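# A structural walkthrough
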Amino acid sequence: MDLEHGKCWDTSKKDSWKTLLVLAYQSLGVVYGDLSTSPLYVYKSTFAEDIQHSESNEEIFGVLSFVFWTLTLVPLFKYVFVVLRADDNGEGGTFALYSLICRHAKVSLLPNRQVADEALSTYKMEHPPEKNNKSKVKLYLEKRKGLHTALLILVLLGTCMVIGDGLLTPAISVFSAVSGLELSMSKEHHQYAVIPITCFILVCLFALQHYGTHRVGFFFAPVVLTWLLCISALGLYNIIYWNPHVYKALSPYYMFKFLKKTRKGGWMSLGGILLCITGSEAMFADLGHFSYAAIQIAFTFMVYPALILAYMGQAAYLSQHHDDNSHIGFYISVPEKLRLPVLIIAILSSVVGSQAIISGTFSIINQSQSLGCFPKVKVVHTSDKIHGQIYIPEINWILMVLCIAVTIGFRDTKHMGNASGLAVMTVMLVTTCLTSLVIILCWNKPPILALSFLLFFGSVELLYFSASLTKFTEGAWLPILLALFLMTIMFVWHYATIKKYEFDLHNKVSLDWLLALGPSLGIARVPGIGLVFTDLTSGIPANFSRFVTNLPAFHRILVFVCIKSVPVPYVPPAERYLVGRVGPASHRSYRCIVRYGYRDVHQDVDSFESELVARLADFINYDWHRAHGTNSCTEDDASRSNESSSEYRLAVIGSNSLSGIPAYEIEETLQPASVSGGFSTVESMTDVIEMEPTVEKKVRFAIDDEPLSDMHLQLKEELEDLFAAQQAGTAFILGHSHVQAKQGSSLLKRLAINYGYNILGRNCRGPDVALKVPPVSLLEVGMVYVV
């Protein structure tokens, strides 16, 4: 199975039913672990306090009706038939929607954007907008900078709530599964057994994360399939044995009767009912690992019927048992002889569901890093074969501690359910809002259609969201507090990152200054390769000028490296490196822009140095082939005529280039233009987008008619210089920054920059960790940023 770029489905076989059914089966373990375990705690959370189960059965039938229609409207209609189609090159999730919107409208806040990024194969637009028919909504969004920030905050809110769900889901799932012991032991023993057992399982779950999902992934799908068959069989048994007429409760009329009788208590109990759709977001978030059809088939024909039967079976049992409201739950409806095996399967299923949400948390934090919205953390790629399976040690242990704290602190399903419900509904509301924008901006549909989608599904979700808010003091405060804390961190980090970039942009030095450096100024060229890391895609960064000022020497081979993120899920390796010269060939200076998507793992190359040198060699070979192939070098000379003030063309150098010669190049003209932002002038620092020459993609096939022996001697000499420098050693020159607010800045800005950002910077991973820089090769240049 080819899992390159996070896809585990082969497009050439996507129509094969066999392949499709295998993918649908595999999706059970990864996508539906959380959703399938919700019957463990929905009824228990719903009847925890606000409503009581009575002899008339109006309450239990009303809850069943709400559960049925909620499962039908949200996961089935909203996600399966609409949201899953809003994929970004087969990827799903909050960032996929944001990425789609940013590509179709100029609303992105990412710095160092380039027109060259739009030449990426994954940058495609399935429904490109017509030039003469621009949407009024699009124009309105593009003109108002405040809406760009609001859109990012909305995405960050959804991200924070997904992280909160990653904290709460393992706690409530495992705790609810283990709670089945209450029926087989006394209350005194049960009280002291459930919490320790739950904590032990959680510790084991998080301790095994560093092995990666792929090591135990084969075990996931059979467990969830067994669980779904189990709850289906139990549901059928309870329906037939206790109340065959329970199907009548599926009528919406019972929802009306329920609210009419219970009034405020019924509305507040919706906070427990909404737990029946926890895990629905995973269908969209994990879309990249499967296909749309596979997830659709698995949910429609397996998960959805099994869940409906499970909830109907519990309702049928409870309709004939009104003795004790305190024991309303899943296990009470399981025949006594089957409780132990069902308990074991439930615990295994809850572990599988927890594993999926934990892996999803790692993934979304990695995506936040790519957007410059999260402090640097160590990302470990756990599988050599499966792209995108990662492990983040710091986040793993923090989640473990918080999960155990939630379990010990709340000690019951009710409070955990209230907290989890609010987090789930917030994520769904964010998805609804972003999908509405996708309908207008990306699908070019009439605004009335997007408004209808927003009002219909948004009103359903707002109803549940309002019910969750009433539980603020009973557990719902936790995701709100966690979201505020995380959003503060993420926004401060993103704000300071943008300000640092703007500072670099205004303090970069000219190419003339670099070319003037030489023995006449006391500057020496020493053996080796110097990799100068910068966020700039053009110009010479200020940290290099400071380096040369304090140490009047630099390496024989000089490479300005920019590692940047682009608004696509992944960048194919063949298109990752954008390489060009800085100055004439004799200066031996180059620029290399390494592009990653928001789902790419930056540490997917064992040796960044070796990979970079190989791409430089490919570029040198290509550049001289191109110059040699144009019998008269008029085109080349024309582009080099202004070599004292302009950088040269950048070429896409791929790992699969034939004979080191790329398939096409990016040519640059000399007319400066703002990139992707649409601004003809820079009016303020908040509008700054790095200025670079306008680029044009030109496809050209390199054909060498002459024998290789006629190649210019300069090519051989340049390649020899490159490999000799590699043998001499490589130095990684990184900036070690300290950021401080300008004098006269507001108190809030001074607190955010001087304390918040710098504390985060000192206590998170440095860029050398992300780049796997050997400590002996690291050179840090101190920089003070006044922003």
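Residue numbers restart at each chain and count upward from 1, following the sequence in its written direction. Local features in this predicted model are restricted to residues of pLDDT 70 or higher, and side-chain atom pairs are both shown and tallied only at a pLDDT of 80 or more, whereas totals for entire chains, interfaces and linings draw on every residue. To obtain the side-chain values, all non-hydrogen atoms of the structure were used and water was disregarded.

In the annotation of an unreviewed UniProt entry, the protein chain is listed under the name Potassium transporter and assigned to Manihot esculenta. UniProt positions are given in the numbering used here, feature names are shortened, and annotations may be inferred rather than shown by experiment. Regarding the protein chain, the relevant UniProt record gives this comment under Function (unreviewed entry): "Potassium transporter." Its UniProt record gives the protein chain a comment under Sequence similarities (unreviewed entry), which states: "Belongs to the HAK/KUP transporter (TC 2.A.72.3) family."

### A look at the overall build of the protein chain
Each helix is a run of H or I in the DSSP string that is no shorter than four residues. Each strand is a run of E no shorter than two, and both are numbered from the N terminus. Within the protein chain, the regular secondary structure consists of 25 helices and 11 strands. Accessible area is worked out with a 1.4 Å probe on protein chains only. A residue is then buried under 20% of its type maximum, exposed over 50%, and partly exposed in between. The buried share of the protein chain, taken over its 787 residues, is 58%. Note on contacts: a residue pair qualifies if any of its non-hydrogen atoms lie within 4.5 Å across the two residues. Residue pairs in contact within the protein chain that sit at least 24 positions apart in sequence constitute 83% of those at least 6 positions apart. Only the protein chains shown count as cover for residues, and the accessible areas themselves come from Shrake-Rupley with a 1.4 Å probe. When the accessible surface of the protein chain is totalled, it reaches about 32500 Å², and 62% of it is carbon and sulfur.

### Examining the packing of aromatic side chains
Pairs were defined over the aromatic rings of Phe, Tyr and Trp, the Trp ring being its six-membered one, requiring ring centres within 6.5 Å. Orientation was assigned from the angle between planes: stacked under 30 degrees, edge-to-face over 60, tilted for the rest. Overall, the coordinates contain 25 aromatic pairs when judged by the stated rule. Geometrically, the ring pair formed by Phe 68 and Trp 69 is edge-to-face, given 5.1 Å between the ring centres and 80° between the ring planes. Put simply, the rings of Trp 513, Phe 544, Phe 547, Phe 554 and Phe 560 pair up and form one aromatic cluster. Counting as a charge over the ring demands two things of the Lys NZ or Arg CZ atom: a distance within 6 Å of the ring centre and an angle within 35 degrees of the ring normal. The ring of Tyr 785 has Lys 500 lying over it, and the distance from NZ or CZ to the ring centre is 5.3 Å.

### Observations concerning the confidence of the model for the protein chain
Averaged over every residue, the pLDDT of the protein chain is 81; residues scoring 70 or more account for 82%. Per residue, pLDDT measures the predictor's confidence, with a range of 0 to 100. Confidence over residues 630–646 falls short of pLDDT 50; this stretch has 26 contacts with residues more than four positions distant or in other chains.

### Structural notes on helix α6 (residues 136–143)
Within α6 the residues assigned to the buried category are Lys 138, Leu 141 and Glu 142. Taken around the axis of α6, the buried residues stretch over an arc of 95°, which confines them to a single face. Facing away from the buried surface of α6 by more than 90 degrees, the exposed residues are Lys 136 and Lys 143. Buried positions along α6 lie against α5 (94–104), α7 (145–178) and α16 (413–441). Arc definition: it is the arc formed by the directions from the helix axis to the C-beta atoms.

### Focus on the side chain of His 148
Looking at the secondary structure, you find His 148 in helix α7. Residues in contact with His 148, not counting those within four places in the same chain, are Lys 106, Val 107, Leu 109, Leu 141 and Glu 142.

### A short note on the pattern of salt bridges
The salt bridge criterion pairs a side-chain nitrogen of Lys or Arg with a carboxyl oxygen of Asp or Glu, the two atoms within 4 Å. Applying the stated criterion across every chain, the model contains 15 salt bridges. Taking the shortest distance from any N to any O, the salt bridge between Lys 414 and Glu 474 comes out at 3.5 Å. Pair noted here: Lys 414 is in helix α16 and Glu 474 is in the loop between α17 (447–469) and α18 (477–506), with a separation of 60 residues, a long-range link. Like Glu 474, Lys 414 is buried.

### Digging into the pairing of strand β6 (residues 589–596)
Among the 8 residues in β6, 8 count as buried, and that is most of the element. Each pair of strands is called paired provided DSSP finds at least two bridges between the two strands. Where strand β4 (residues 553–565) meets β6, 8 bridges bridge the pair, whose relative direction is parallel. Pairing of Cys 562 across the sheet is with Ile 593, part of β6. Where strand β5 (residues 577–581) and β6 come together, 5 bridges link them in antiparallel fashion. Paired with Arg 581 across the strands is Tyr 590, a residue of β6.

### Considering the nonpolar core
To qualify as a nonpolar core, a set must consist of buried Ala, Val, Leu, Ile, Met, Phe, Trp, Tyr and Cys residues joined through side-chain atoms within 4.5 Å. Tyr 32, Tyr 43, Leu 64, Leu 71, Phe 299, Tyr 311 and Phe 330 are the most contacted members of the largest nonpolar core, which totals 170 residues. No other element matches helix α13 (residues 292–319), which puts 18 residues into this core. Those residues in contact with Tyr 43, other than ones at most four positions away along the chain, are Ile 60, Val 63, Leu 64, Tyr 311, Gln 314, Ala 315 and Ile 328. Of all hydrophobic cores here, the second largest spans 30 residues; its members include Phe 533, Val 559, Leu 722 and Leu 734.

### Side note on a nonpolar patch on the surface
Residues Phe 219, Leu 340, Ile 344 and Leu 348 make up a contiguous nonpolar surface patch of roughly 370 Å² in combined accessible area. If you tally residues by element for the nonpolar patch, the top one is helix α14 (residues 339–370), at 3 residues. Among the secondary structure elements, Ile 344 is positioned in helix α14. The class for Ile 344 is partly exposed, based on a relative accessible area of 47%. Each patch is built from residues that are more than 30% exposed by relative accessible area and take part in no salt bridge. Like charges join if they lie within 9 Å; nonpolar side chains (Val, Leu, Ile, Met, Phe, Trp, Tyr) join within 5 Å.

### Notes on the environment of Cys 373
Take Cys 373: it is sitting in the loop between α14 and β1 (380–381). Between the alpha carbons of Cys 373 and Leu 152 there is a distance of 9.8 Å; along the sequence they are 221 residues apart. Filtering out sequence-adjacent residues up to four positions away, Cys 373 remains in contact with Leu 152, Leu 156, Ser 368, Met 490, Trp 493 and His 494.

### A closer look at the pairing of strand β7 (residues 650–653)
Of the two faces of β7, the one carrying Leu 650 and Val 652 and the one carrying Ala 651 and Ile 653 are both buried. Alignment of β5 against β7, held across 4 bridges, turns out to be antiparallel. Bridged to Tyr 577 within β7 is Ile 653.

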